Amino acid sequence: MTHQRSAPPVWFRLPPGFHDIGPGDRPALHAFAEALGSSGAHQELSKLMDGLEKLADHDVVHTAIGFHPEEPVGVATSLFSLAVRPTGQPNPRLTVARTALAIARSPHWTRSIRRFIDLPSGLPCCLVAGTISVPDVEHRLFQARVATVYPDGLHLLVFDITSASTQHAEAYTDILEAVAGTALFADPESGTSKAGGSSRLLEVLL
């Protein structure tokens, strides 16, 4: 669920391996770094939390870090985020189309795919995914972004997964599409919401 009061609530499911994290977790992570006795860990966690705090300026209302085993040894990491912002105009299909076009036109893309996807809710939705080149970052990153709207058409939702593990691009794309498909706009525990379809999350785990 989203946690920022200024944004309308959205409920969604992340698959196993993703762990919610936000600026409010800074004290706990600092305590963890202190317990490890590692100055390097402390610096890296500080950089991470500084970055998450900056995301709030871009209407990001939820973030999570993904950790998935990578053969033969190691861990593939990723960052999930959800941004919610006012649309400024009442046509939801136009909002999604314009947003997807703006995402696809970003100069950071080095290669991308773009397609409309069907959500159980029937809301207009578009996915853009591929590799990006970011200033001051040596290696290219994978990024997938899904744009859709709140049912009233007054808010835009952008789901996002970014990872340095570009070899898992297809799996991350499938995961993000499945997460977007679980989005609900009423508390699922209230008994009033309808999922509109089954989740594919268990089918697309890394």
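Peer 1: For this particular structure, what's the right way to read helix H3 (residues 92-104)?
Peer 2: In an α-helix, one turn spans 3.6 residues; hence positions three or four apart end up facing the same way. Its 13 residues give H3 an end-to-end C-alpha distance of 18 Å, which sits within 8% of 18 Å, the value for a rise of 1.5 Å per residue. All of the buried residues along H3 are Thr95, Val96, Thr99, Ala100, Ile103 and Ala104. With its buried residues spanning 155° around the axis, H3 presents them on a single face. Seen from the open side of H3, the exposed residues pointing more than 90 degrees away from its buried face are Arg98 and Ala102. The inward-facing, buried residues of H3 abut strand E4 (109-116), strand E5 (125-132), strand E6 (141-149) and strand E7 (155-163). For H3, the N-terminal cap is asparagine 91; the gap from its side-chain oxygen to the backbone nitrogen of arginine 93 is 3.1 Å.

Peer 1: Please explain the nonpolar core as it appears in this structure.
Peer 2: The nonpolar side chains of soluble globular proteins are, as a tendency, buried together. If you look at the biggest cluster of nonpolar residues, it comprises 29 residues, and the most contacted ones within it are Phe80, Leu82, Val146 and Phe159. Mapped by element, the contributors of at least two residues to this core are strand E2 (60-69), strand E3 (75-86), E5, E6, E7 and helix H4 (169-181). Top contributing element to this core by residue count: H4, with six residues. Counting residues in hydrophobic clusters, the runner-up holds ten residues, among them Leu123, Ala147, Leu156 and Val158.

Peer 1: Explanation requested: the side chain of threonine 173 in the structure shown.
Peer 2: Its place among the elements puts threonine 173 in helix H4. According to the relative accessible area criterion, threonine 173 is buried, its value standing at 7%. With residues near it in sequence (within four places) discarded, threonine 173 still touches Arg115, Leu127, Ala129, Phe142 and Ala144.

Peer 1: What's the story with the layout of surface pockets in this structure? I'm lost.
Peer 2: The rolling of a water-molecule-sized probe over the atoms marks out the regions of remaining empty space. Taken as a whole, the largest pocket holds about 1,200 Å³ of empty space. Contributing to the lining of the largest pocket are 36 residues, with Gly51, Leu55, Leu79, Leu141 and Thr162 lying nearest its centre. Only helix H1 (26-36), helix H2 (39-55), E2, E3, E6 and E7 provide two or more residues apiece to the lining of the largest pocket. Broken down by element, the lining of the largest pocket gets its largest block of residues, nine residues, from H2. The class makeup of the residues in the lining of the largest pocket is 20 nonpolar, ten polar and six charged.

Peer 1: Explain the sheet that holds strand E1 (residues 18-20) to me, please; I cannot follow it from the model alone.
Peer 2: Strand pairs in the sheet, formed through backbone hydrogen bonds, run parallel or antiparallel to each other. Reading across the sheet, the seven strands line up as E1-E2-E3-E7-E6-E5-E4 and stay open at both edges, with antiparallel pairing between neighbours. Each edge of the sheet is formed by a strand with only one pairing partner; in this case those strands are E1 and E4. Taken pair by pair, the neighbouring strands of this sheet meet at an average axis angle of 20°, ignoring direction. Pairing of E3 with E7 involves eight bridges; the strand directions are antiparallel. The residue bridging phenylalanine 80 from the neighbouring strand is isoleucine 161, located in E7.

Peer 1: Looking at this structure, I do not really get the pairing of E6. What am I missing?
Peer 2: In summary, the side chains of a regular strand alternate between the two faces of the sheet. Along E6, eight of the nine residues are buried, which leaves the element largely enclosed by surrounding structure. Strand direction decides the pairing type here: E5 and E6, joined by eight bridges, are antiparallel. From the neighbouring strand, isoleucine 132 faces E6, where its bridge partner is leucine 141. For E6 and E7, the ladder comprises eight bridges, and the chain directions are antiparallel. The residue bridging threonine 148 from the neighbouring strand is leucine 157, located in E7. What sits between the antiparallel neighbours E6 and E7 is a turn of five residues, in which glycine 153 has the positive phi angle 75°.

Peer 1: Would you mind going over the state of the cysteines with me for this structure?
Peer 2: Linking two cysteines covalently through their sulfur atoms gives a disulfide. The tally for this structure, following the rule as stated, stands at zero disulfides. Of all cysteine sulfurs in the structure, the one in cysteine 126 sits closest to cysteine 125, which takes part in no disulfide; the separation is 7.3 Å. On the basis of relative accessible area, cysteine 125 is assigned to the buried category, the value being 2%.

Basis of the calculations
- Residues numbered from 1 in each chain as written.
- Predicted model: local features only at pLDDT ≥ 70, side-chain atom pairs only at ≥ 80, totals over all residues.
- Heavy atoms only, no water.
- Helix = DSSP H or I, 4+ residues; strand = E, 2+ residues; numbered from the N terminus.
- Expected span 1.5 Å × (residues − 1).
- Buried < 20%, exposed > 50% of the residue type's maximum accessible area, 1.4 Å probe, protein only.
- Arc of directions from axis to C-beta.
- Contact = heavy atoms within 4.5 Å.
- Polar contact = N/O pair within 3.5 Å; in protein donor to acceptor, adjacent residues only side chain to side chain.
- Core = buried A, V, L, I, M, F, W, Y, C linked by side-chain atoms within 4.5 Å.
- 1 Å grid on protein atoms, 1.4 Å probe; cavity = no way out; pocket = protein on both sides within 12 Å on 5 of 7 lines; lining within 4 Å.
- Points joined across faces, edges and corners; volume = space filled by probe spheres on them.
- Nonpolar A, V, L, I, M, F, W, Y, C, P; charged D, E, K, R; others polar.
- Pairing = 2+ DSSP bridges.
- Axes fitted to C-alpha atoms, helices over the stretch in contact; angles between N-to-C directions.
- Disulfide = S-S within 2.5 Å.

Nothing here speaks to function; it is all geometry.
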